[in-house]
Structures are given as structure tokens and as C-alpha cells.
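An overview of the molecular structure
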Amino acid sequence: MNPLFSWIDSRTGIGAVGKKLFYQNIPGGPRWRYAWGSVVAFAIAIQFITGLTLWMSYSPSVQTAWESVNHLQNDVAGGWLLRGLHHYCAQILPILLALHLMQIVIDAAYRAPREVNFWFGLLSMQVVLLMALTGYQLPWDQKGFWATKVAMNILGIVPVLGKPLQTVLIGGSDYGQLTLTHFLAVHAGLLPAILVVLVGIHVYLSRRNGPAGTESKITRSSPYWPDQLFRNAVVCLALVGTLLYLIFRHHLSDPQAALGAELTAPADPSEPYAAARPEWYFLFLYQFLKLFPSSMEIVGAIVIPGLVMGIFFLMPFTGKSKTGAKMNIGFLGCLFVGIGLLTYSALSHDAHDPDYQFAVKAATQESERVKELAASPAGIPPGGALNLLRNDPLTQGPKLFSKNCASCHRFQGGDGMGRKVKDEVSASELSGFASREWIAGLLDTNLVASPRYFGATKFATGKMVKFVKTHVGAYNAEQKEQLQKVIAALSAEAGLKSQANLDKDQAPIIEEGRTLFSEAINCSKCHAFRVKDPDLDAPDLTGYGSRDWMIRFIKNPAHESFYGEHNGRMPQFGEKQILSDESIGLVVDWLRGEWYQPGQTNMAALH
Amino acid sequence: MQGQNNPEDIRRRQFLAKSITAVCACGAAAVPLGAAFRVLTDPLGKGASSGAKIRITNLAALPPDGIPRKFPVITSKTDAWNKFANVPVGAVYLRRTKEDIVEALNVVCPHAGCFVDYSSEEKQFLCPCHKSSFKLDGSVANAGSPSPRGLDSLMVEVREGGNVWVEFLNFQAGRSDKVPAS
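Residues numbered from 1 in each chain as written. Chains lettered and ligands numbered in written order. Predicted model: local features only at pLDDT ≥ 70, side-chain atom pairs only at ≥ 80, totals over all residues. Heavy atoms only, no water.

Some words on the state of the cysteines
Here, the word disulfide means a covalent bond between the sulfur atoms of two cysteines. All names here are of chain B. The final tally for this structure, using the stated rule, is one disulfide over all chains. Disulfide partner of cysteine 114: cysteine 129, at an S-S distance of 1.9 Å. When the S-S torsion is -105°, as for the bridge of cysteine 114 with cysteine 129, the disulfide is left-handed. Within this pair, whereas cysteine 114 is found in the loop between strand 4 (101-106) and strand 5 (117-119), its partner cysteine 129 is found in the loop between strand 6 (124-126) and strand 7 (133-134), the two being separated by 15 residues in sequence. Since its relative accessible area comes to 16%, cysteine 114 is described here as buried. We classify cysteine 129 as partly exposed; its relative accessible area is 37%. With no disulfide partner, cysteine 26 has as its closest neighbouring cysteine sulfur the one in cysteine 24, 9.5 Å distant. Lacking any disulfide linkage, cysteine 127 is separated from the closest cysteine sulfur, that of cysteine 109, by 3.9 Å. (Disulfide = S-S within 2.5 Å. Helix = DSSP H or I, 4+ residues; strand = E, 2+ residues; numbered from the N terminus. Buried < 20%, exposed > 50% of the residue type's maximum accessible area, 1.4 Å probe, protein only.)

What follows is the structure, encoded as C-alpha cells:
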């Protein structure tokens, strides 16, 4: 023997341990089905290796949790692979555990002398599920945040200890910094330590008692190494292959798709997330809880799952007889079928729920958008990435429009978010507002009194509609050409990003249009334009459609420079403090198409 | 099968099983370990930061008598996932040697990275940590100084209106040559 090894061996006895591990006899010889335990242990080892490394890149605070995970996912070499392995391995572990448990119950391997071993296995399973639950929240993205919130509420309904435990875990009544520090410590410190002890005892006991079901018919036996280890290694490799497939699978069909695990938008406690669902292996529980009215929720959330676990713990006693063991198999079968049906029902319900589908689509868009903003030259501010979304016109504009404007106005015929609106339209269509096309439509005899413009408003029979119908309708070719120049001049007031090049190229035409505005077309009979005239009562068109003009208009459409006393139903959003200045600015920027686009270096649009 | 229990065959079969086991086990372990290794070694690939020219001050703030003055270096900074605008990233001593010629020294002592102080009595830079001292031009002043090299000089540009710009860089401590810190 190697002198160095024998020196170490004589002081540690490591040789005997190795011998026991590798050369222990397996009664009945090696089996593929004995590999389950090993593959579960290997999956846990993957979680420890990847988890520890994830921890090194992770920063548990409200301003940095999502940001550090996003950095790892998108900026650090191999980060997506590391996250992907940890994420998908956590998804596969429950399946492996369920199969392991199924095998034990079918073989009645919980019988003497393996009762204690069985209990340690069950306890380990609980700890693994708790780790999945606590880990889900750590990226602090919308999905994890809202799903974990539901789980925490369930904990809160447990009598006596539930509420205090919930408050301690969350670190108060609100989710915040302490929630993250607590969850990280529980997920990466406390639970793994407990798991190591439980699994250690479980493995020790399973080695001590040997594989079950072979006592009576031992015909041959062979050492663990190499035949059983060979099987274990092949199964472990298959597990890694499956993980890699899951990580790459979206990428295989679409090279643009993100690799690895999903990361939704940063958690926003003020923005409920309708697409929040627990991970698929808890979906059955989620669906099961829907069957109970709130007063009975405790039965569904605590009592029944508790009873199920109780039945499992008692199996070594109930399964002593052949009939008992068969009943246990029957119970497990019913449980799996029930879980399967509930999961299917939850999935199929969501698949047919348009609101859920819409929420998922909106959430996907938001997570794509925040990644774009995070990668922009301005980057993530110290206050966190949530601010990027909160100050992003492309994200907030549609939401604000849908809540505040869409009961009267439309955007591309919808509510701004792409949904149809139930209310009757009663104000103009605002997509492309102040663009040449939009103004040309307003000055079109066929369109001006349609619901796209004034048709559904009190101005349907007003002076403007009359002017368009009687005068513009009768224009000759030269006047029509002049009108086009006026349209160009008026639209140029807005300074729209989409027309920047056109406005620049046609500067002389625009200049001409400004003169024609008051001379040939005679708009200045009612509208002020680039000169103050307090006697005119139609809206002042100086700076029409510009950011400042629109903000002033939305703040107070009844101001004398706009509709004054003729204002219809439009609320004075700023004057009456219905919307904050920031919100009005976001809606205006969105309507004007002013938001950051990847590849844009000019940061003016961001601030 | 013929000769299945032949010791030679058993040996050969066992060798095959052992080899496949080793390959599968290594393959399975390599993926998580490889991913972890790649992530942990990511900073190694980032390379040295190139010096950015940063406006430090104006000539008017520098005494004409050649006495050095310390200025913070304020610029934008990317720290992993965050971007900070206008934060101090270091400090420099500026010294006017002629009317419009300015010399710049990084305040970091090349020995162990402490910030040196200027002593107007001794007309020297003194390191409070390990008692290195440096002359006004940055060269090592005390024999037996623990610092392996003089203070690091930086490129200075005096631009229009007397604005002083410095190409700011930090260098690796503890070696006799000037190598930009990564």
C-alpha cells in the first residue's frame, strides 16, 4: 500500500470506511431500481454545489436581489447555466422523491427494521419541499414574490403558532429587507443543515439495514463497486442530461429565447400579479384550496395534508400485514391520481382563462422590457431596477391610459393594453395623436364626425366639424395642397420622434405651412398659433402635441388656452389631483412614442 | 454465453464497468462543477480597467508655489449590476510645477494600498500605515522604505479655461513595476 495512504489510514481509518462504502455486499446483486436513492442524493449534491455558487453572486435586499440575479443571468459567463441547473434540479427533485417514495411503498420497504429509516426519508422530503418554497422567493421577481405570499398566508392560518411564525419569517407584517435576509438564511443555511443531518442518517440506516425485499430469497450477492455504482452513475448522468435539455429546450426551437431559468420583472408590492401561481408541484394544493370556502381553508391547507402525512408516517405499522401493505399502495395510488387530477384541472383552468393568459403575456412583456432597461447605458440605479419600470413610459403609459383614459378614449381601438373596452367610445382615438396622419384624419370630411375624432363628443356638431365639412370639403386642388402644408406645420409643433427626419427634411414646407395657417386656410380665425390672442376660444395650437402642451392639456383641459368653458367631460387630471405630474408625464411620453429603445444612446428620453 | 465465468472475462467486464462508471460519474459531476467554476472565475476575464480622462479641478485651485493639494476623483462607476453617477472613485495629489504644467500622483501608496498624507513641514508624502515616505515628485524618500516603487504618476492635461483633466488609474500594490489594477 502507498506509504502516504497507509499513514493517513492508520490515523483515520478511512480505508475501512471506503471499503464499507465500495465493497459492501448487496444481497441479490445490483439493480437499476436501487439507483433511485443515489440519484436523489446526487440531485441534492447538485443543489448544494450550484446553490453555494449562486449564494456568492446573490445580494439579499429589496434593491439588489433581483438585480444581482439578473446580473448573474445576463452578464456573468455561465451564470444562466448555473441558475438553470439549480432551478430545474429543484423542479425534478419532487418527481424523484415521489418515485423514490412510490418504490418504497410498493415494496413495503418501510417494514421492520426500516421504520426509522422511512421516517427520516419522509422528513427529508418535507425539508426539500420547504427549500423549494423558500428558494422560489429569493430572486425577488413578481412570480416568486406573489406565489410565496400566498404560501405565507396559508402558514398564517395555522392555529396558535402560524401567525407568529409567519411574522417572524417575513420579518414583520410587510415584505421587505428582512424577508429576504430571513429567507436566504432559512433556504441556504438552516434547511440545508437540517437536510444534511436527516439525509446522513437516512443513508447510514439504509446501508445498515441493506436493501429491502431480498431477505428471504438471497441467491447471489455482489459488492457495491463496480456493478451498482455503474448503474448509479448512468442514472446520474441521465439526470444531468435531462437538466441540460430543460435548460436548452426553448433555445432549441427559438435561438432568441433566453437560456436557463425564467426571471420575471422585479417584485412590486404595489402591482398585483395576476399570473402568480405556485410552482407546478404545488399547483395541486393551490387547486385543492379553491374547493374550500375561506372559513374551511384550514381543512384544505393544514388538516388534510397533515392527515396524509400522518398516514405515511404510520405506514410501517399499518402495512405490517399483506392487506395493510396493499391498502397503503392503494392509498398512494389514489393520492397520486388525485394530485394528477388537481394539477391537470389547475392547468386546464388557466389555459382556458383569458384573463390569466393576458396576465402571463403582460408579465412576459414586462420582464423582457426590464431586461432591456437594465442593459441600457443608464443601467440600474442604486434604488433598484423597479424604478426603471416605474419610470418607463412604455410600461406605465398603457396601464395609466387603461385606468384613466380608456373609459372615453381609445388607443388603437383598445384600452392601450391591447384589450377591448366594454364602455361606448366617447372621445377621440389617441394613437398617433398630433402626427400628420392623425391631423389629416381630423381634417377629413368623412372622418371628423366619426367616433375616431369628434363623433362621440359634444363637439360632434361644433364649429370645427362644421368647418371641415363645409369648407375643407369644398377645397380645390391648390387649397388641398396648402392644407397638407398646414398639417405638416401643425404636426411639426409636436416634435414627434417618429417624424423627426421628415420634419427636418421638410423645414421649408413647414415654414410655409405656418404662414398658410393664418392666411389661406384661416385656422387663426378660432385658434391661436404662435401668437397670443386671448379673444380666441378654440384651443391654442402653439406647441400643439408637444410634451409640454399635452401635459398642460391633460392637467387642465378647461384652461382658457384649451377648451375653457366649452370643455366636455374630460376631467382636470392635474388641477383636481387625479393624477400626479409624473403619471401625466408618463402617459404623454407614451402617447408621443418617447421611450428608451435598445441601441439608443441618447438618455434624454429616459429622464 | 461461453466462458462467462472465465476469470479473464470477469476481469475484462469489470474493467469496462469501472471505466464507464468513471466516465459517467465524471460527466455528471462536471456539469454543475463546471458551471460553478465558470461563474466564480468570471471576474478573471474582465481585464484591467482602462484609464478614463476625468476633470478634476481648475488651475485656479492650485497654488502656484508647487505645494501639492489633494482632490477627489469623481466620476460615474459601474459596480456589478449598479451604475452610479458622480461618485468618488479615488483621489489624486495635484502639484503645479510651472504656470500651466501640473503633475498628478495617485494618493495610493504602492506598498499596501493605504492613502498617503502630505506633510507640509517635511515637504514629503507620508504613508501612515508602514512609514514609507515619498518626495514631492513621488519618488521614494526614505532608504529602506517598504514601498517597492514611488507614488504612481498619472497623465495630466490642462485644457481650455485652465481645466485640469487626469487620466485616472489605480495600479497593483506590492510590485516594483506599474501594472494597472484589474
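As for unusual backbone geometry
A cis amide bond, omega 5°, links alanine 112 of chain A with the succeeding residue proline 113 of chain A. Within the element layout of this structure, proline 113 of chain A appears in the loop between helix 5 (79-107) and helix 6 (115-137). Phi at alanine 108 of chain A is positive, roughly 50°, even though this residue is not glycine. Relative to the helices and strands, alanine 108 of chain A is located in the loop between helix 5 and helix 6. Positive phi outside glycine occurs at lysine 131 of chain B, with the angle close to 60°. Tracing the backbone shows lysine 131 of chain B in the loop between strand 6 and strand 7.

Some thoughts on the pairing of strand 3 (residues 82-98) of chain B
Residues and elements named next belong to chain B. The sheet contact formed by strand 2 (residues 69-79) and strand 3 spans 10 bridges and is antiparallel. Opposite threonine 75, over in strand 3, you have valine 87 as the bridge partner. Adjacent in sequence and paired antiparallel, strand 2 and strand 3 are bridged by two residues, among which alanine 80 carries a positive phi angle near 50°. Bridge analysis of strand 3 against strand 4 gives six bridges, and the strand direction is antiparallel. Across the sheet, residue lysine 98 finds its bridge partner in strand 4, namely isoleucine 101. (Pairing = 2+ DSSP bridges.)

Here's the deal with the interface of chain A and chain B
Across the boundary between the two partners, chain A contributes 39 residues, which contact 25 residues of chain B. For the chain A and chain B pair, buried surface summed over both sides reaches about 2500 Å², with 77% attributable to carbon and sulfur atoms. At the junction of chain A and chain B, the tally comes to zero salt bridges. For the pair chain A and chain B, the interface holds five residue pairs in polar contact (both at pLDDT 80 or more). Those elements that provide at least two residues to the side of chain A that touches chain B are helix 3 (35-56), helix 4 (65-74), helix 5 and helix 10 (224-253) of chain A. In terms of residues, the side of chain A that touches chain B owes the most to one element, helix 10 of chain A, which gives 11 residues. In terms of residue class, the side of chain A that touches chain B is built from 25 nonpolar, 11 polar and three charged. (Contact = heavy atoms within 4.5 Å. Buried area = accessible area lost by both parts, 1.4 Å probe. Salt bridge = Lys/Arg side-chain N within 4 Å of Asp/Glu carboxyl O. Polar contact = N/O pair within 3.5 Å; in protein donor to acceptor, adjacent residues only side chain to side chain. Nonpolar A, V, L, I, M, F, W, Y, C, P; charged D, E, K, R; others polar.)

Some details on helix 1 (residues 3-12) of chain A
All names here are of chain A. Among the 10 residues of helix 1, zero are classified as buried, and the element is accordingly described as predominantly exposed. For helix 1, the side-chain oxygen to backbone nitrogen distance between the N-cap and leucine 4 is 2.9 Å, and the N-cap itself is asparagine 2. Of the residues trailing helix 1, glycine 13 is marked for its positive phi of about 70°.

Description of the pairing of strand 10 (residues 163-168) of chain B
All names here are of chain B. Alternating residues of strand 10 divide into Val164, Val166 and Phe168, all buried, and Asn163, Trp165 and Glu167, none buried. Pairing analysis gives six bridges linking strand 1 (residues 52-58) to strand 10, with the strands arranged antiparallel. Across the sheet, residue threonine 57 finds its bridge partner in strand 10, namely valine 164. Summarising the sheet, strand 9 (residues 156-159) and strand 10 pair through four bridges and their orientation is antiparallel.

Things to note about the domain arrangement of chain A
Entries for chain A in the domain assignment read domain 1 (22-361) and domain 2 (393-598). Measuring from the centre of the C-alpha atoms in domain 1 of chain A to the corresponding centre in domain 2 of chain A gives 56 Å. (Domains from an automatic or database assignment.)

Some details on the sheet that holds strand 9 of chain B
All names here are of chain B. Spatially, 1-10-9 is the arrangement adopted by the three strands of the open sheet, whose pairing is antiparallel. Each end of this open sheet is capped by a strand with a single partner; those strands are strand 1 and strand 9. Ignoring which end each strand starts from, the neighbouring axes of this sheet average 30° apart. (Axes fitted to C-alpha atoms, helices over the stretch in contact; angles between N-to-C directions.)

Focus: the sheet that holds strand 6 of chain B
All names here are of chain B. What the three strands build is an open sheet, ordered 5-6-7; its pairing is antiparallel. Here the strands that pair on one side only, and so sit at the sheet edges, are strand 5 and strand 7. Of the pairings in the sheet, the one linking strand 5 to strand 6 comprises three bridges and is antiparallel in character. Across the sheet, aspartate 117 pairs through a bridge with leucine 126, a residue of strand 6.

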